[in-house]
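Here is what each chain is made of, one letter per residue.
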Amino acid sequence: QVQQNVERLFTRFVEEGKATVRLREPAVDLCLSKAANVINLKTFLSAVRLAHQGSDTGVLPLSPLVPAKNSDVEKPKTKMIITSRRDYPLTKSFPFSLEHLQTSYCKLARIDTRVLCLKKLRKLDLSHNHIKQLPATLGDLVCLQELDLHDNHLEAFSGALCSSSLQKSLQFLDLSQNQIQALPIEFCQLRGLVQLRLDDNALLRLPCRIGQLSRLRFLSAARNKLPFLPSDFRKLCLENLDLFGNPFEQPNPLVPNIQLKIPLTLLECAARATVNHRIPYSCHLLPSHLCKDLEVAKTCRCGSACLSSFIQITVTMNLHHVAHTVVLVDNMGGTEAPILCYFCSLDCYSQFLDRHLQSN
């Protein structure tokens, strides 16, 4: 439909055989980018202008149409790979039809804002650059399934990204060879993750709610600074796990970290009751810092919750309990690692200690 449907004609380069017709509905640009016969192009644009004004089709100056060859039809570009700085486009825009974009070895210090407009992107590879920070608008890429940030200068992964549309879409995330020391509490909201690579960072801990990543099948966090694993790690069900090269501490259940306060404070009692009885809460009902504390409440071996009053120890866990294939933890052939364990009371710790001493 052309009548009353042409928004604008771009004819600045018509003498070079190029022009663009912008339609209102659908809102698309018809780009005539390959050099055409200038006279025929001008005739065609005149016909489009007359058709837009509602002229009779019989008076339109159109020659008989000849079907275009397949080689003459330019298909929308869905993939672009750039692996050097000299090939990086500085004046041209990225095609909006892109689904796969790789810009590696381009010495990028930040993510190009033009990339953040590519709403059809499914795979974005920004590896081997100098990126230090991720913009929150990266979460606006609603179709993004794979994000590769391998070998950059990242020091953090924003909690805002974990609360964006990436929660549902993101399946593959590579943050290896960066400078990340910790991941935010919100990281475990990325529940669509299937593969996560965290190798060669400076991680001091893994997210305490990592067990919420129920779809995760491949986890690699080799050569970090992990002293132990979070208690929630037991809930994972992996196909492949690599934790090689971490300075894991030697577990010692007989040397507990006692944070237990007796009698329990009113805040601790209320917090335990809220979690144990699944009482609904939100930032509209409680101060935001209390909500964050409740979200990271510890779980005792008995199943009860504890907030800031607990006994903490590390115990040994065979990693085959959570993964089918385990890369050796050290050069000694071990597949065991220390994992945090919490107790809500002296009674729970005493019962565990009795069982532990009897088994040894």
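Conventions adopted
Residue numbers here run from 1 along each chain, matching the order of that chain's written sequence. Per-residue local features are limited, in this predicted model, to residues with pLDDT of at least 70; the limit for side-chain atom pairs, both in listing and counting, is 80 or more; totals at the level of whole chains, interfaces and linings are taken over all residues. Heavy atoms throughout the structure, all of them, feed into the side-chain values; hydrogens and water do not. Residues form patches when they are more than 30% accessible in relative terms and have no salt bridge. Like charges link within 9 Å. Nonpolar side chains (Val, Leu, Ile, Met, Phe, Trp, Tyr) link within 5 Å. Values of accessible area rely on a 1.4 Å probe in the Shrake-Rupley scheme; residue burial ignores everything except the protein chains shown. Any carboxyl oxygen of Asp or Glu that lies within 4 Å of a side-chain nitrogen of Lys or Arg is treated as forming a salt bridge with it. To qualify as a helix, a DSSP run of H or I must reach at least 4 residues; to qualify as a strand, a run of E must reach at least 2; elements of each kind are numbered from the N terminus. Planes of paired rings set the category: under 30 degrees apart is stacked, over 60 is edge-to-face and the rest tilted, where pairs are Phe, Tyr or Trp rings (Trp by its six-membered ring) whose centres lie within 6.5 Å. Categorising residues by exposure relies on relative accessible area from a 1.4 Å probe, with only protein chains included: less than 20% of the type maximum marks a residue as buried, more than 50% marks it as exposed, and the intermediate range marks it as partly exposed. Think of it this way: DSSP has to see at least two bridges between two strands before they count as a pair. By definition, residues are in contact when any of their heavy atoms lie within 4.5 Å. Axis lines are fitted through C-alpha atoms, for helices just across the contact stretch, and the angle between N-to-C directions can take any value from 0 to 180 degrees.

S.K.: So, a nonpolar patch on the surface: which residues are in play, and what are the values?
M.R.: Taken together, the side chains of L254, V255 and L357 define a hydrophobic patch exposed on the protein surface, amounting to about 300 Å² of accessible area. Take V255: it is sitting in the loop between β11 (238-242) and β12 (257-258).

S.K.: How would you explain the packing of aromatic side chains if you had to name every residue and give the values?
M.R.: According to the stated counting rule, one finds five aromatic pairs in the structure shown. Measuring from ring centre to ring centre gives 5.7 Å for F157 and F187, while their planes differ by 75 degrees; the resulting arrangement is edge-to-face. Pair noted here: F157 is in the loop between β7 (146-148) and α2 (159-162) and F187 is in the loop between β8 (172-174) and β9 (195-197), with a separation of 30 residues, a long-range link. In this structure F157 comes out as buried when scored by relative accessible area, which is 3%. For the pair F343 and F352, a centre-to-centre distance of 5.2 Å together with 40 degrees between the ring planes defines the contact as tilted. Here the aromatic residues F343, Y349 and F352 are joined through ring pairs into a cluster of three or more.

S.K.: Please set out the sheet that holds strand β15 (residues 311-318) residue by residue, giving values where relevant.
M.R.: In spatial order, the strands read β12-β15-β17; together these three strands make up an open sheet with antiparallel pairing. Two strands lie at the open edges of the sheet, namely β12 and β17 (336-343), each paired on one side alone. Pairing of β15 with β17, which is carried by eight bridges, proceeds in the antiparallel orientation. Of the residues in β17, the one forming a bridge with N318 is E336. Contacts from helix α6 (residues 346-359) reach β15 and β17 within the one sheet, and its direction differs from that of β15 by about 35 degrees.

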